[in-house]
Amino acid sequence: YYYVRKDCSRFPVTRTISPIIIGEKVIGAVNVFHDVTHEKEIDKMKTEFVSLASHQLRTPLTSIKWNLEMILDGSVGQFNKTQEERLKDVYKSNEVMIELVNSLLNIGRMESGRLKVEPELTDLRALFRTVVAKLKPQMDKNKFKLIDKIPDNLVKIKVDSRLVSNVYTNL
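Residues numbered from 1 in each chain as written. Predicted model: local features only at pLDDT ≥ 70, side-chain atom pairs only at ≥ 80, totals over all residues. Heavy atoms only, no water.

(A) Spotlight on the pattern of salt bridges. Considering all chains together, one arrives at 11 salt bridges under this definition. Linked through salt bridges whose partners overlap, the residues forming this network are Lys81, Glu84 and Lys88. (Salt bridge = Lys/Arg side-chain N within 4 Å of Asp/Glu carboxyl O.)

Okay, here's the thing in structure tokens:
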């Protein structure tokens with residue numbers, strides 16, 4: 001909610017309104033409000049900081065990804081199986097970090113109303129299983145067992161598969 005000052009400037013408030021009742025008749029109300037301009041400014045600064053930090057993190061993470069891809073495809077020479085497995089672990093960890101940065105950027109976009117939602121006809125069952133396949137090594141490592149009881153006849157629906165994937169991953 002916003003209230004207007006005498007100089008016609010608006011300011012954000014939180015408010016609580018309680019009725020004044022005598023007998024069974026409402027004779028008025030008490031409106032208590034709190035100016036939250038300062039809190040809104042702090043929230044905006046936090047959002048801007050997270051966005052800036054996320055953008056700054058994205059560049060080196062992308063560079064790491066490209067270099068790891070070159071190393072893993074043999075462009076810089078051969079290495080033994082143990083080295084290859086370690087590099088694959090680093091690559092997977094880097095992918096997790098990239099996803100985290102993208103999630104932080106999406107939160108900033110949501111808060112500012114700039115998040116693009118691109119719905120498309122989606123098989124939620126297939127999408128869920130794709131996410132689970134990505135998380136399987138981590139689930140196995142932590143001895144998690146997932147029981148998939150998604151019906152075979154689930155209809156496709158229009159959703160933004162990228163955003164629903166984030167929901168599945170977070171769950």
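(B) Highlighting the side chain of Thr47. Considering the arrangement of structural elements, one finds Thr47 in helix H1 (residues 37–72). Overall, the relative accessible area of 15% leaves Thr47 in the buried class. In contact with Thr47, not counting residues within four places along its chain, are Gly108 and Glu111. (Helix = DSSP H or I, 4+ residues; strand = E, 2+ residues; numbered from the N terminus. Buried < 20%, exposed > 50% of the residue type's maximum accessible area, 1.4 Å probe, protein only. Contact = heavy atoms within 4.5 Å.)

(C) Structural detail: the packing of H1 against helix H2 (residues 81–112). For the pair H1 and H2, the least separation of the axes is 8 Å and the interaxial angle reads 155°. Classified by the angle between their axes, H1 and H2 sit roughly antiparallel to one another. Viewed along their axes, H1 and H2 form a crossing whose handedness is left-handed. When grouped by side-chain class, the residues that make up the contact of H1 with H2 number 15 nonpolar, 7 polar and 9 charged. (Axes fitted to C-alpha atoms, helices over the stretch in contact; angles between N-to-C directions. Parallel < 35°, antiparallel > 145°, perpendicular 65-115°, else oblique. Left-handed = near helix turned anticlockwise from the far one by under 90°. Nonpolar A, V, L, I, M, F, W, Y, C, P; charged D, E, K, R; others polar.)

(D) Main features of the nonpolar core. The biggest cluster of nonpolar side chains holds 9 residues, and these are Leu124, Leu127, Phe128, Val131, Val132, Met139, Val159, Val164 and Tyr168. At 6 residues, helix H3 (residues 124–141) tops the list of elements feeding residues into this core. Contacts of Val131, omitting those with residues within four sequence positions, involve Ser165, Tyr168 and Thr169. (Core = buried A, V, L, I, M, F, W, Y, C linked by side-chain atoms within 4.5 Å.)

(E) Representation of the pairing of strand S3 (residues 25–35) in the model. The pairing of strand S2 (residues 10–22) with S3 spans 10 bridges and is classified as antiparallel. Across the sheet, Ile20 pairs through a bridge with Gly28, a residue of S3. Counting the residues that bridge the hairpin from S2 to S3 gives 2 residues, and of these Gly23 lies at a positive phi of roughly 70°. (Pairing = 2+ DSSP bridges.)

(F) Geometry of the sheet that holds S3. The strand order across the open sheet built from 3 strands is S1-S2-S3, with neighbouring strands paired in antiparallel fashion. For this open sheet the edge positions go to strand S1 (2–4) and S3, each flanked by a neighbour on one side alone. With strand direction ignored, the average angle separating the axes of adjacent strands in the sheet is 55°.

(G) Focus on the environment of Pro151. Among the structural elements, Pro151 can be located in the loop between H3 and strand S5 (157–159). Sequence spacing of Pro151 and Ile64 is 87 residues, and the spatial spacing of their C-alpha atoms is 40 Å.

(H) Focus on the packing of aromatic side chains. Following the criterion strictly, the structure yields 4 aromatic pairs and no others. The interplanar angle of 85° and the centroid separation of 6.2 Å between the aromatic rings of Tyr3 and Phe11 together place this pair among those described as edge-to-face. Using a relative accessible area of 18% as the deciding quantity, one classes Tyr3 as buried. Judged by its relative accessible area of 10%, Phe11 is buried. Chaining the aromatic ring pairs together yields one cluster made of Tyr3, Phe11 and Phe33. Directly above the ring of Tyr2 sits Arg10, whose terminal nitrogen or CZ lies 4.3 Å from the centroid. (Phe/Tyr/Trp six-rings, centres within 6.5 Å; stacked < 30°, edge-to-face > 60°. Lys NZ or Arg CZ within 6 Å of the ring centre and 35° of its normal.)

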